[in-house]
Protein chains: 2
Amino acid sequence: MTVGSTVDNISIRLRRYLTNEQPAESDMEVVTTKLTLCLTGDTQDVLVQNLYLSPDPYMCNRMRETFDSYFPPFELGKPITGLGVSKVILSNHPEFQVNDIITGFTSWETYSVIKGGLGIRNVSHFDVPPSYHIGILGITGFTAYAGFLQICSPKKGEQVFVSTAAGAVGHVVGQLAKLTGCRVVGSAGSDEKVELLKTKLGYDDAFNYKTQSDLKATLKRYFPEGIDIYFENVGGKMLEAALDNLRVHARISLCGMISQYASGCGEGIPNLIQLIWKRAKMQGFLIGDYMHLQEEFINYMVSHLKDNKITVIEDVVDGLENAPGAFVRLFQGKNSGKQVIRL
Amino acid sequence: MTVGSTVDNISIRLRRYLTNEQPAESDMEVVTTKLTLCLTGDTQDVLVQNLYLSPDPYMCNRMRETFDSYFPPFELGKPITGLGVSKVILSNHPEFQVNDIITGFTSWETYSVIKGGLGIRNVSHFDVPPSYHIGILGITGFTAYAGFLQICSPKKGEQVFVSTAAGAVGHVVGQLAKLTGCRVVGSAGSDEKVELLKTKLGYDDAFNYKTQSDLKATLKRYFPEGIDIYFENVGGKMLEAALDNLRVHARISLCGMISQYASGCGEGIPNLIQLIWKRAKMQGFLIGDYMHLQEEFINYMVSHLKDNKITVIEDVVDGLENAPGAFVRLFQGKNSGKQVIRL
């Protein structure tokens, strides 16, 4: 890899927009183009080699042509964009030097040009594995931090329920709940994950939702006195069951509804009246609204990592050509902890 | 009515518990018993003659045997209990004297004994029509006040939508919204109510939901830039339509879901994911949690009444024997403003 040389640039592109179905590997394609490793003009562009890419559930929304919320849909025929950790190859930007490690929005390809150096930050000075910047110190860790501590205002002794508890965000929320002095129970989709939650991640208890025939009864068993805080990652039947098990003044943090992304957002929740009876709050959030807390969050998390108070679980898939599979795994519930693509 | 004399005491009692249907007049019965107008023992009981009774939608929940939330179900064979305004006939309680006007929990009967004087307060000193104490200065006015000003934190210029806008609570919320400098649109179930909202209650606009075939499109028309605050009184299809029309950082105050009480709480809301995309909050509340604000509320409301800044609409039904009909009217959407039973 010599500056000025022409190299193969492998990329992952969206082939077609989804309608209501789950994403499949065949919705994406691997395309190789030629790239000359140089930067032209007087822009502040940065040329990076991508090291780690972050497949995240929200990206499924961007695979729908009709999606018109906080992000536009992906463009067909262009590399998928997402968060990553990258190494600087060439820089026209004063804040980034060759060999710096940066994190932020990049593209699913071997090399990317970050226009004007926008949306990236230098993380070379951190003494942590680089992949942490798309996980525990990145958006998923930050989402757990803001969505649990800010939205739910947990108090010592409260009863916390986390769905997809072994996922990228969930496995952090549970640990934050324990650090706050709460009792925390998680749900996951396999016995292995349940074991992981109980033995490695400090969850007080956990269950495999796939083996439960009556989720309302299950939650009643794990929370005989009700749920103070529900950290919601799935939607659908689990949300309905949690609503029926709320305690007075409960708080529900709506982080995601992965069951609903895949099904096209159609499952009806019939018991919202519980929010009145229990004087409860349900709040959706996007991490973009909490950027003013990012420094506080990173300090908190780095300090707890140093003290071994936080366990990080990563699920690493190697090779850009395996990125579509790594993405699809999220919707099959196959990942434990943060799904990471290592290039 | 002489103290010590025996009089007829007419009462309204629940004959049977409801299952999923709307309440009907035949679910209640009028029973007349004999009562001697005296108080015995060294209790702090108060004997009152009821002047005004308040039929409120939440009471429907207490007509279901299985209801286990903030109030227990009514007891069959005993007079229905609810809020009222009454005149003191006899008092063993130092805070209440004969002829005082009190308000609080009483029973649907001509005369009631308020055990220990619990749950009532003296309102003799107010220079307002007594019925106001179960309306604009009572729970419905207070519900509008706390549910709108506390839960929604309205800001000048915001877009407010109120369902059952011509109802007991709704007709006050709209006026509070205007006093706060918001634009407010209401929905109601008849053209007469829509007219009332626009001409008497200061609503910027209003529509008859019964003549709309596509509520989502209707709200889009009235709120082209979206809804900042939704004051929710009905649930069901209207909530679904509002969710699809939220603005970023919207707040939904869940005051009631009258469409759901009657149908047994079964209508599924499929688009809660909008709460995430719009980073919106939905919060249920019961006025009991805001009692610390009652004095502030009453001062606010009395002052605005004096300045003619608040218009009070009451829908008065005369005669205790007509109380079942007055209650049923609430679920038929027949009342405009606060439904009151005058004895």
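Fair warning: this is a prediction, and the values are worked out from it, not measured in the lab.

Scoring rules and cut-offs
Note that residues are indexed from 1 along each chain, following the sequence as it is written. Here every chain gets a letter starting at A, and every ligand a number starting at 1, in the order they are written. At least 70 in pLDDT is required for a residue's local features to be given in this predicted model, at least 80 for side-chain atom pairs to be given and counted, and no such filter applies to totals for whole chains, interfaces and linings, which use all residues. Only heavy atoms go into the side-chain values, all of them from the structure, while hydrogens and water stay out. We call a residue buried when its accessible area falls under 20% of the maximum for its residue type, exposed when it is over 50%, and partly exposed in between, using a 1.4 Å probe and counting protein chains only. Here a helix means four or more residues in a row that DSSP labels H or I, a strand means two or more in a row labelled E, and each is numbered from the N terminus. Should any heavy atoms of two residues lie within 4.5 Å, those residues are considered in contact. Here the copies are matched by least squares. The fit uses the C-alpha atoms of residues with pLDDT of at least 70 in both. The definition of a nonpolar core used throughout is a set of buried Ala, Val, Leu, Ile, Met, Phe, Trp, Tyr and Cys residues joined through side-chain atoms within 4.5 Å. Cysteine sulfur atoms are paired as a disulfide whenever they come within 2.5 Å of each other. For the purposes of this description, domain bounds are those given by an automatic or database domain assignment. Whenever Lys or Arg places a side-chain nitrogen within 4 Å of a carboxyl oxygen from Asp or Glu, that contact is recorded as a salt bridge. Counted as a polar contact is a pair of N or O atoms within 3.5 Å, where, for protein atoms, one must be capable of donating a hydrogen and the other of accepting one, and residues adjacent in sequence contribute only when both atoms are in side chains. Any residue outside Ala, Val, Leu, Ile, Met, Phe, Trp, Tyr, Cys, Pro, Asp, Glu, Lys and Arg is labelled polar, Gly included; the first ten of those are nonpolar and the last four are charged. Between any two strands, at least two bridges found by DSSP are needed for them to pair. Axis definition: a line fitted to C-alpha atoms, over the contacting stretch in the case of helices. Angles run 0 to 180 degrees between N-to-C directions.

**What about helix α2 (residues 170-179) of chain A?**
Residues and elements named next belong to chain A.
Then, number 1: By the criterion of burial, α2 is predominantly enclosed, with 8 of the 10 residues buried.
Then, number 2: What α2 keeps buried is the set G170, H171, V172, V173, G174, Q175, L176 and A177.
Then, number 3: On its buried face, α2 is in contact with α1 (139-152), β8 (159-162), β9 (183-188), β11 (227-232), α8 (294-306) and β15 (338-342).
Then, number 4: Remark: G181 follows α2 within two positions and exhibits a positive phi of approximately 90°.

**Side note on the relation of the copies chain B and chain A**
Then, number 1: Structural alignment of chain B on chain A gives an RMSD of 0.1 Å, achieved by rotating through 180° and translating 0.0 Å along the axis. Such values leave the two copies arranged in the relation of a two-fold axis. Using C-alpha coordinates, one finds that chain B approaches the rotation axis most closely at G268(B), a distance of 1.9 Å.
Then, number 2: Of the interface residues in chain B, 100% have counterparts in chain A that sit at the interface too, so the contact is made through matching surfaces.

**Some details on the nonpolar core**
Then, number 1: Among the nonpolar cores identified, the biggest contains 106 residues, and L272(A), L275(A), M282(A), L272(B), L275(B) and M282(B) are the most heavily contacted of them.
Then, number 2: When residues no more than four places from it in sequence are discounted, the contact partners of L272(B) are L239(A), L254(A), M257(A), I269(A), L272(A), M282(A), L243(B) and M282(B).

**Regarding the state of the cysteines**
Then, number 1: Counting across every chain of the model gives 0 disulfides over all chains.
Then, number 2: The thiol sulfur of C152(B) is not disulfide-bonded, and the nearest other cysteine sulfur, from C182(B), lies at 9.4 Å.

**Some words on the domain arrangement of chain A**
All names here are of chain A.
Then, number 1: According to the domain assignment, chain A contains domain 1 (6-135 + 313-342) and domain 2 (139-288).
Then, number 2: Averaged C-alpha coordinates put domain 1 and domain 2 at centres separated by 29 Å.
Then, number 3: Taken residue by residue, the interface counts 22 residues in domain 1 and 16 residues in domain 2.
Then, number 4: Where domain 1 meets domain 2, there are 0 salt bridges.
Then, number 5: Viewed at the interface, domain 2 and domain 1 are joined by 6 residue pairs in polar contact (both at pLDDT 80 or more).
Then, number 6: Each residue belonging to the side of domain 1 that touches domain 2 can be placed in one class, and the counts come to 9 nonpolar, 8 polar and 5 charged.

**Some points on the sheet that holds strand β12 (residues 246-254) of chain B**
Then, number 1: Judged by pairing direction, the sheet is mixed, and its 12 strands sit side by side in the order β10(A)-β9(A)-β8(A)-β11(A)-β12(A)-β13(A)-β13(B)-β12(B)-β11(B)-β8(B)-β9(B)-β10(B) without closing on themselves. Two strands in the sheet have a free side with no partner beyond their single neighbour: β10 (205-208) of chain A together with β10 (205-208) of chain B. Taken pair by pair, the neighbouring strands of this sheet meet at an average axis angle of 15°, ignoring direction.
Then, number 2: Relative to strand β9 (residues 183-188) of chain B, strand β8 (residues 159-162) of chain B is paired through 4 bridges, and the arrangement is parallel. Counted as the bridge partner of F161(B) is V185(B) from β9(B).
Then, number 3: Relative to the sheet, helix α3 (residues 191-199) of chain A contacts β9 and β10 of chain A, its axis offset from that of β10(A) by approximately 175°.
Then, number 4: Running at roughly 165° to β10(A), helix α4 (residues 215-222) of chain A makes contact with β8, β9, β10 and β11 of chain A of the sheet.

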